[in-house]
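# Topology and contacts: notes
Read off the chains here:
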Amino acid sequence: MAAITRALRFIHKDAGSIIFLLLVLLVTIAGCRLTQSAFTRTAGNAGSAFAAASTTLTYVHEGKISKAYAASSFVNYTSELDGLDQTLPSQTGVPDAGTLQRLLNLYKPAMEVIHSPCLDESCDWRAQVAALDSASKAFLEVSNS
Amino acid sequence: MKKWFGLALGIVTATGGFLDAGTVATSGEAGAKYGLGLIWAILVATVAVILLVEMSGRFAAVSKKAYASAIREEFGFKFYLLPLLSELIAESLLLAAEIGGIAIALSLFTGISWHYLFPVAALLVWIMAWRAPFSLIENGPALLGLLTLSFVVAIVALGGLPKELLPTLWKPEIKSGELADYLYLVAAILGATISPYLLYFYSSGAREEKWTEGSLLLNRVTAIVGMGFGSLGSIALVVLGAIVLQPLNISSSTLGELGLAMAKPFGQIGAFLFAAALFATCLGAALEVVLAVSYNIAQGFGWEWGENKKPVEAPRFNLVLLLFLLIAVGIGLLGMDPLQLALLASTVIALFLPFSLSPLLVIMNDQDYLGNKTNGRFINIAMIVILIIAFLVAIVSLPLEILSGGG
């Protein structure tokens, strides 16, 4: 008990120094590129989400997951990916205009799949998987470059 | 023999307290992004949570008091408001995430958008917390929580751990610019696991079950087996994420993605097992959180409390329960994704851990309460070290994540 009381007193007495040191630590590591740019992060997340959507669509046609499971998953992918074409261009760390345009060109058809995935055999789900894979690959490449 | 069925208290505490939306989210994301490179954080959190649960159970069994009432008695009402406030902020976020987790689990079964199922999930939590006896709250989610063992079976079915993954255990691949993300996940794992609501729930549960000094062995076994069980499920999710999702470039940024890892070896049954396990863990956690906060406030303010009492016998306890649930529903209806909410809640919890847990360290060293059952030096030092790690990681990673657009 006495040891704890001493420790609490020490912490109380030196609280200012501890906070100062933490702030110095924070500023130091913030300057060491510990974080990705907003664009890199968003592109990486989008690439992963398109990859997940592609696997979901493939699995539902291979009978590995139910249509209900896939439908629920696509609602979440929609929430994650909707509106990226509006936000991406204005984010910090955005690449050159050509690269950005290439991503946006792949984003549009991939989002059509996300909004209307082929969960039965009545439409060309393989083409949809291809569109998702292309978008996933491009976004992940830009994110990793 | 009957009292050993009290192990259910440990299993349910683990099912809801160790495994919940936050743990499922952080474990899956950890495995998918960093292979086995965050298992160390789960192990640290496991040690911490075993110590905490054992302490809170020992305190309740020996002193015949629950944690919240002891804080007020030992430190006074004004001080009690500090851990209460931190608890209310962090747990309201977490409860919203847990209800969202239940809604997503139901959505994975039905295909209906989780947004529509969110009120249904909240209603389910309210009905169970309002009227179900403590034994049902213990045994229902505990039994369903056993489904998390299927995560371990899935790893075996996938051929076990690939050798090439092993080096990531001690040398995770952290790309340039990803260190803040890695630290954020460390904080989230620690915060998701070392949740202070466990203390309020577990110590109150021990009082509901009228534990005595004769229950200390049971308490120790419960803490180790229950939390060990939860840890096993959490580590299994990391491994599943690493084996299945990482090679597919899936980062497990939505809860349903982890079900794909279960679907690979078991097909539709695997996906359903994942959804059922998610439902059980989130339901268990939601009940624990809402009850823990109600216990906390009722005990701190000296009101009548008890899950085994009819609402009319403990009206203010039940009113708090309803109001807190409504606050969480309000947060949930703002539309934030439950997984992101769970990650944020876990990091906020890590930030508040020193405020929430330091009173326990003091109380556990007070002979007036515990006689010769006070903490040993090792437990005190271990807890202080873990609290400092969790706090430092949270204070460093949270602002960095927010600045870089994450979190």
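Our subject is the structure that appears above.
Quick caveat, the model's predicted, so the values are computed rather than measured.

We now examine the overall build of chain A. Counting its regular elements, chain A contains 7 helices and 0 strands. Taken from N to C terminus, the helices and strands of chain A fall in the order α-α-α-α-α-α-α. By residue count, 47% of the 145 residues in chain A fall in the buried class. The contacts of chain A with a sequence gap of at least 6 include a subset with a gap of at least 24, amounting to 77%.

Let's shift gears to the overall build of chain B. Helix and strand counts for chain B stand at 17 helices and 0 strands. Taking 2.2 N^0.38 as the reference for a compact globule, 407 residues should give roughly 22 Å; the C-alpha atoms of chain B span a radius of gyration of 20 Å, in line with that estimate. Its C-alpha atoms put chain B at 55 × 50 × 45 Å along the principal axes. Counting the 407 residues in chain B, one finds 63% classified as buried. Counting only contacts in chain B whose residues sit at least 6 apart along the sequence, the fraction spanning at least 24 positions is 85%. When the accessible surface of chain B is totalled, it reaches about 14000 Å², and 70% of it is carbon and sulfur.

Once that is clear, we can look at the nonpolar core. Formed by 184 residues in total, the largest nonpolar core has its most connected members in A:F50 and B:I99. Examining the composition of this core, we find that 19 residues originate from one element, helix α13 (residues 268-300) of chain B, more than from any other.

A word on the environment of A:E141. Residues and elements named next belong to chain A. Within the element layout of this structure, E141 appears in helix α7 (residues 125-144). For E141, a relative accessible area of 41% translates into the label partly exposed. Taking the C-alpha atoms as reference points, E141 and A43, separated by 98 residues in sequence, lie 8.9 Å from one another.

Residue and element names in this part refer to chain B. The geometry of helix α3 (residues 39-63) relative to helix α11 (residues 216-245) is characterised by a closest axis approach of 9 Å and an angle of 155° between their N-to-C directions. Taken together, the axis directions place α3 and α11 in an arrangement best described as roughly antiparallel. Relative to α11, α3 is oriented so that their crossing is right-handed. For the pair formed by α3 and α11, the contact residues are I39, I42, L43, T46, V49, I50, V53, E54, G57, R58, A61 and V62 on the first element and L216, N219, R220, A223, I224, M227, S231, S234, I235, V238 and V239 on the second. Grouping the constituent residues of the contact of α3 with α11 by class yields 15 nonpolar, 5 polar and 3 charged.

What follows covers the state of the cysteines. Residues and elements named next belong to chain A. Inspection of every chain in the model, using the stated rule, returns 1 disulfide over all chains. The side chain of C118 participates in a disulfide bridge whose partner is C123; the two sulfur atoms lie 1.7 Å from each other. Judged by its relative accessible area of 3%, C118 falls in the buried class. The class of C123 is partly exposed, set by a relative accessible area of 33%.

Turning next to the packing of helix α4 (residues 67-81) of chain A against helix α6 (residues 97-115) of chain A. All names here are of chain A. The interhelical angle for the contact between α4 and α6, taken along N-to-C directions, is 145°, at an axis separation of 9 Å. Where α4 crosses over α6, the two elements pack in a sense that is left-handed. Residues F74, Y77, T78 and L81 of α4 lie in contact with α6, whose contacting residues are Y107, M111, V113, I114 and H115.

Taken together, the contacts link 46 residues of chain B with 36 residues of chain A. Across the interface of chain B and chain A, roughly 3400 Å² is buried in total on both sides, 63% from carbon and sulfur atoms. Linking chain B to chain A there are 8 residue pairs in polar contact (both at pLDDT 80 or more). The set of elements that each furnish at least two residues to the side of chain B that touches chain A consists of α5 (77-110), α6 (114-131), α9 (179-193), α12 (256-266), α13, α15 (338-363) and α17 (377-403) of chain B. Counting residues per element, the side of chain B that touches chain A draws most heavily on α17(B), which supplies 7 residues.

What counts, and where the lines are drawn
Residues numbered from 1 in each chain as written. Chains lettered and ligands numbered in written order. Predicted model: local features only at pLDDT ≥ 70, side-chain atom pairs only at ≥ 80, totals over all residues. Heavy atoms only, no water. Helix = DSSP H or I, 4+ residues; strand = E, 2+ residues; numbered from the N terminus. Buried < 20%, exposed > 50% of the residue type's maximum accessible area, 1.4 Å probe, protein only. Contact = heavy atoms within 4.5 Å. Rg over C-alpha atoms; globule rule 2.2 N^0.38 Å. Areas by Shrake-Rupley, 256 points an atom, 1.4 Å probe, with all protein chains shown as cover. Core = buried A, V, L, I, M, F, W, Y, C linked by side-chain atoms within 4.5 Å. Axes fitted to C-alpha atoms, helices over the stretch in contact; angles between N-to-C directions. Parallel < 35°, antiparallel > 145°, perpendicular 65-115°, else oblique. Left-handed = near helix turned anticlockwise from the far one by under 90°. Nonpolar A, V, L, I, M, F, W, Y, C, P; charged D, E, K, R; others polar. Disulfide = S-S within 2.5 Å. Buried area = accessible area lost by both parts, 1.4 Å probe. Polar contact = N/O pair within 3.5 Å; in protein donor to acceptor, adjacent residues only side chain to side chain.

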